Amino acid sequence: MAEREQQHVRVAVIGSGFGGLGAAVRLRREGITDFVVLERAGSVGGTWRDNSYPGCACDVPSHLYSFSFAPNPEWPRNFSGQEHIRAYLERVTDTFGLRPHLRFHAEVRGLRWSSSALHWEIETASGALTADVVVSATGPLSDPKLPDVPGLDTFPGKVFHSARWDHDYDLRGKRVAMIGTGASAIQIVPAIQPEVSRLTLFQRTPPWVLPRADRRISAAEKWLHTKVPATRAARRGLLWGIRELQVSAFTKRPNELGLIEFLAKNHLRKAIKDPAMRAALTPDYRIGCKRILLSNTYYPALARPNVDLVPAGLKEVRGATLVAADGSETEADAIVFGTGFHVTDMPIAQRVTGVNGTTLAEEWKDGMAALRGASAAGFPNFLTLIGPNTGLGNSSMILMIEAQLNYMADFLRQLDVLGGKIALNARQSAVDEWTRKIQRRMERTVWNTGGCDSWYLDANGRNTTAWPGTTAEFRKVTRQVDLAEYEVLRPPGAAVGASDGARAEVAV
């Protein structure tokens, strides 16, 4: 029996969260159907599939946290829960006919660039394939980070990360330790507090928390948004515009955030009457330096009699005893880690091998860097969605994803116009210049000057995560590919086209 020929596709997309599904929709809208979406799990959804912990919800308004090309007039709340966002992504998958392109249980184990064939060789859990172009949409919030705590392996109870919630384990009546005070933890704490016998929160650094202006969206509003789409667009536009106006305070004038700090302190003062606890919950850094959190229930939950606040991180585990950095000890039946993700050291980078035989992780050992957040030098025809310096501190990442999809679409158009077997490799000089500009602008931002240690910063203290501008500006700088920033690769001996090194124009 003849061996089956290895599959080759024009584009391989990695991940089926917002980025991967958005890329798939855009490819179809560009008339490209020769592509696959490689997903390690058994369903779509990305972080909104993986994060199913109690209380999980978005902190960006629903009508802004959705694709512009797939509006949803039926959002149930101003800030929708995980189940509604995941259902939305399932609908997008069906509406745009993406299921034939999906390859589930196909975790990417390795990608290697072939300089002779000018394509990517891809090894997955379900087999091998090759692709002309790879679009990595694994996202920065996909791989949980667990701290290296001495003695954790001696703990006799249950241990899991918030992004890998064990729904088979019943927390009712248990003594639960919550490690971390990030965006997940402030939703989990009020959700499980009424059920557990004792909840101990290990807080290394207190977050800034603002009120959450959440409410149920009325039937009349849904009807209006369905029957008069202009009202839906106006609502989205207003939400977007307000956040665009806030950007300068984060990126240029952090001192203007003083009023927001006042509101946050007042929010804390109203809920926490105990002066000692209030002092422990008051941050000593500028608001916005870390992610600003939204909750009306977090502080009240901490004030309940079955909750203990430990103003220190977890230092050591001795059997069922948890020892904090301040020396205090706590007995627990279960440990829940809300300790974030591998953001500046994304695991996918360890699996991508480029032109020089080095991995993306090796190239990024001194810090992530990619031209316009998408292209790393030495990795031809490889585009990253939500790549270096594309994160936001106050608005919807869907806006950034859609901007990068414009760049992806033009990247593919340029390959077509240049013609033949071809690849585009970001010039190191272009990546360096882009990175210098970004880091220069970063110096004034609240993320760099606010006096905190956050997940925006890498191990070297550089901010390789956030975008120091508005979403409108990012959309402008990713509208089209500048071929002068790329090296055009052709097979050995191939003739050089006249348009190589300059922008190729697409005939309309």
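It should be noted that the structure appears before, not after, this text.
For the structure given in this document, a descriptive report is provided here. This is a predicted model, so every value here is computed, not measured.

1. Re the overall build of the protein chain
1) Next: Of the regular secondary structure elements, the protein chain holds 14 helices and 20 strands.
2) Next: Judged by the C-alpha coordinates and their principal axes, the protein chain covers about 75 × 55 × 45 Å.
3) Next: The buried share of the protein chain, taken over its 508 residues, is 55%.
4) Next: Counted over contacts in the protein chain with a minimum sequence separation of 6, partners at least 24 positions apart contribute 72%.
5) Next: By element, 51% of the accessible surface of the protein chain is carried by carbon and sulfur atoms, the whole surface being about 21,900 Å².
6) Next: Charged side chains in the protein chain number 61 positive and 53 negative. The centres of these two groups are separated by 7 Å.

2. Some points on the sheet that holds strand S7 (residues 158–161)
1) Next: In space, the five strands of this open sheet follow the order S7-S16-S8-S9-S12, with parallel pairing throughout. Pairing within the sheet leaves two strands with one partner each, and these edge strands are S7 and strand S12 (307–310). Ignoring which end each strand starts from, the neighbouring axes of this sheet average 15 degrees apart.
2) Next: Bridge count for strand S8 (residues 175–179) against strand S16 (residues 334–337) is four bridges, and the pairing is parallel. From the neighbouring strand, Val-176 faces S16, where its bridge partner is Ala-334.
3) Next: The strands touched by helix H4 (residues 185–192) within the sheet are S8 and strand S9 (198–202), with S8 carrying the most contacts at an inclination of about 165 degrees.

3. Observations regarding unusual backbone geometry
1) Next: Positive phi outside glycine occurs at Asn-381, with the angle close to 50 degrees.
2) Next: Assignment of secondary structure puts Asn-381 in the loop between helix H10 (360–363) and strand S18 (382–384).
3) Next: Accessibility expressed as a relative area gives 1% for Asn-381, which makes it buried.
4) Next: One non-glycine residue, Ile-386, adopts positive backbone phi at about 55 degrees.
5) Next: With respect to the helices, strands and loops of the structure, Ile-386 is situated in the loop between S18 and helix H11 (397–418).
6) Next: Looking at Ile-386, the relative accessible area reads 18%, which means it is buried.

4. A closer look at the pattern of salt bridges
Close approach of charged atoms allows side chains of opposite charge to pair.
1) Next: Under the defined criterion, the tally for this structure stands at 27 salt bridges.
2) Next: Across the pair Asp-94 and Arg-99 runs a salt bridge, and its minimum N-O distance is 2.5 Å.
3) Next: Judged by relative accessible area, which is 46%, Asp-94 ranks as partly exposed.
4) Next: Take Arg-99: its relative accessible area is 35%, and that puts it in the partly exposed class.
5) Next: The closest approach of N and O atoms between Glu-329 and Arg-318, which form a salt bridge, is 3.3 Å. Taken together, the positions of Glu-329 in strand S15 (residues 329–331) and Arg-318 in strand S13 (residues 314–318) put the pair eleven residues apart, joining distant regions of the chain.
6) Next: Salt bridges linked by common partners bring Arg-26, Glu-30, Asp-410 and Arg-413 together as one network.

5. Overview of the packing of aromatic side chains
1) Next: Under the criterion given, the structure shown has 16 aromatic pairs.
2) Next: Aromatic side chains Trp-48 and Tyr-65 sit 5.9 Å apart centroid to centroid with 75 degrees between the ring planes, which places their arrangement in the edge-to-face category. Here Tyr-65 lies in the loop between helix H2 (47–50) and helix H3 (82–95) and Trp-48 lies in helix H2, a separation of 17 residues in the sequence. Note on accessibility: Trp-48 and Tyr-65 belong to one class, buried.
3) Next: Ring centres of Phe-67 and Phe-69 lie 4.6 Å apart, and the angle between their planes is 15 degrees; on these two criteria the pair is classed as stacked. Each member of the pair, Phe-67 as well as Phe-69, is classed as buried.

6. Some thoughts on the pairing of strand S14 (residues 321–324)
1) Next: Burial along S14 is two-sided: Thr-321 and Val-323 facing one way and Leu-322 and Ala-324 facing the other are all buried.
2) Next: Two strands pair when backbone bridges link them, and S13 and S14 are joined in this way by four bridges, in the antiparallel orientation. Within S14, the residue paired with Glu-316 across the bridge is Val-323.
3) Next: Hairpin connection between S13 and S14: a loop of two residues separates the two successive antiparallel strands, and Gly-319 in this loop has a positive phi of roughly 65 degrees.
4) Next: Between S14 and S15, which pair antiparallel one after the other, the connecting turn spans four residues, and Gly-327 there sits at a positive phi close to 90 degrees.

7. As for H3
1) Next: Taking 1.5 Å per residue as the helical rise, H3 with its 14 residues ought to reach 20 Å, and the 20 Å between its terminal C-alpha atoms agrees with that figure.
2) Next: For H3, the set of buried residues is Gln-82, Ile-85, Tyr-88, Leu-89, Val-92 and Thr-93. Taken around the axis of H3, the buried residues stretch over an arc of 140 degrees, which confines them to a single face.
3) Next: The inward-facing, buried residues of H3 abut helix H1 (18–29), H2 and strand S3 (102–103).
4) Next: Two residues or fewer past H3, Gly-97 is found with a positive phi of approximately 60 degrees.

8. Some words on a nonpolar patch on the surface
1) Next: Residues Trp-223, Leu-224 and Val-228 make up a contiguous nonpolar surface patch of about 280 Å² in total accessible area.
2) Next: Within the fold, Leu-224 resides in helix H5 (residues 219–227).

9. Quick word on H11
1) Next: The end-to-end C-alpha distance of H11, which contains 22 residues, comes to 32 Å, matching closely the 32 Å that a straight helix rising 1.5 Å per residue would cover.
2) Next: In terms of burial, H11 is a largely internal element, 18 of the 22 residues being buried.
3) Next: Just downstream of H11, Gly-419 is the residue with a positive phi angle, here 80 degrees.

Reading the values: rules and limits
- Residues numbered from 1 in each chain as written.
- Predicted model: local features only at pLDDT ≥ 70, side-chain atom pairs only at ≥ 80, totals over all residues.
- Heavy atoms only, no water.
- Helix = DSSP H or I, 4+ residues; strand = E, 2+ residues; numbered from the N terminus.
- Buried < 20%, exposed > 50% of the residue type's maximum accessible area, 1.4 Å probe, protein only.
- Contact = heavy atoms within 4.5 Å.
- Areas by Shrake-Rupley, 256 points an atom, 1.4 Å probe, with all protein chains shown as cover.
- Lys, Arg positive; Asp, Glu negative; His and termini not counted.
- Charge placed at Lys NZ, Arg CZ, Asp CG, Glu CD.
- Pairing = 2+ DSSP bridges.
- Axes fitted to C-alpha atoms, helices over the stretch in contact; angles between N-to-C directions.
- Salt bridge = Lys/Arg side-chain N within 4 Å of Asp/Glu carboxyl O.
- Phe/Tyr/Trp six-rings, centres within 6.5 Å; stacked < 30°, edge-to-face > 60°.
- Expected span 1.5 Å × (residues − 1).
- Arc of directions from axis to C-beta.
- Patch = residues over 30% accessible without salt bridge, like charges linked within 9 Å, V, L, I, M, F, W, Y side chains within 5 Å.

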